[in-house]
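Observations on the three-dimensional arrangement
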Amino acid sequence: MKGLDFPPRIAHTRKCIDFASAVGVKIVTFHVGFVPASPADPDYQRLTGAVGEVAQYAAGKGVRIALETGQESAEELLAFIGRIKGADVGVNFDIANLVLYGKDDPPAALRKLMPKVTSVHIKDGTLPKEPGRLGSEARLGDGKAGVKQCLQILKDAHFDGPLVIENYVAKRYQTEPVAELVRAKASIEKDLAELR
């Protein structure tokens, strides 16, 4: 975070928002980066200001921004979003990121974040093997992200936003990316058919 040059990043994000607005896209999602632990940290305050500026700009263009889950727990992300003034900021809920970063239990986090969720990345993963490291992405159902439980929570909430398959496991398994997407889609369809 330290030393980040926000003006060029804000300018680039505004261009993305302009493009989204021009083509009728209503949500722009992105990773905000690592949010410092303390709201008193000057970098936390700078980041809050930058996201607030972008959120207000987006709102003026008829676009809502959404921050992707991952590096913060649900409580930390909600607290950060709660400090953004002047525009409603949503959440792109990435089911596996919370496991990959070792930050939270995805089903529990989804229940807390559900009122802010605009879109969902469906993938699975395993916990990091040591603190400060990143876990590994896994095929749907082979990881620890609780994908089926998250799908149940989304169904119970009557969520009608986009469910996006995010899948990078082909390299790991030395398979074809399209084959992995087909496998992931079949896994989701099976889980959805089994939900109550």
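Preceding block: the structure.
This text gives an overview of the structure that appears in the document. Residue numbers here run from 1 along each chain, matching the order of that chain's written sequence. In view of the model being predicted, local features appear only for residues whose pLDDT reaches at least 70, and side-chain atom pairs are presented and counted only at 80 or more, with totals across whole chains, interfaces and linings using the full set of residues. Neither water nor hydrogens contribute to the side-chain values; these are computed over all heavy atoms in the structure.

The next thing to look at is the packing of aromatic side chains. Centres within 6.5 Å make a pair out of two Phe, Tyr or Trp rings, where for Trp the six-membered ring is used; the pair is then stacked when the planes are under 30 degrees apart, edge-to-face when over 60, and tilted otherwise. The tally for this structure, following the rule as stated, stands at two aromatic pairs. Their ring planes at 80° and their centres at 6.2 Å tell us that Phe-34 and Tyr-101 sit as a pair that is edge-to-face. Of the two residues, Phe-34 is situated in the loop between β1 (27–30) and α2 (42–60) and Tyr-101 in the loop between α4 (97–100) and α5 (106–113); the sequence distance between them amounts to 67 residues. Between the aromatic rings of Tyr-44 and Phe-80, the centroid separation amounts to 5.5 Å while the plane-to-plane angle is 75°, which identifies the pairing as edge-to-face. You can see Tyr-44 sitting in helix α2 and its partner Phe-80 sitting in helix α3 (residues 74–82), a full 36 residues away along the chain. Counting from the N terminus, the helices are the DSSP runs of H or I reaching at least four residues and the strands are the DSSP runs of E reaching at least two.

Once that is clear, we can look at the pairing of strand β3 (residues 90–94). Note on classification: 1.4 Å probe, protein chains only; a residue is buried when its accessible area is under 20% of the maximum for its type, exposed when over 50%, partly exposed between these limits. Summarising burial for β3: five of the five residues are buried, a large majority. Residues Gly-90, Asn-92 and Asp-94 line one face of β3 and the alternating positions Val-91 and Phe-93 line the opposite face, and both faces are buried. One ladder, built from three bridges, connects strand β2 (residues 64–68) with β3; its direction is parallel. Paired with Ala-66 across the two strands is Gly-90, which belongs to β3. In the classification by handedness, the crossover that spans β2, the intervening α3 and the parallel β3 is right-handed. Across four bridges, the pairing between β3 and strand β4 (residues 117–122) is parallel. Directly across from Val-91, in β4, lies its bridge partner Val-117. Strand pairing is assigned whenever DSSP detects at least two bridges linking the two strands. Think of it like this: strands point away, you trace from the first strand over the helix to the second, and a clockwise trace means the crossover is right-handed.

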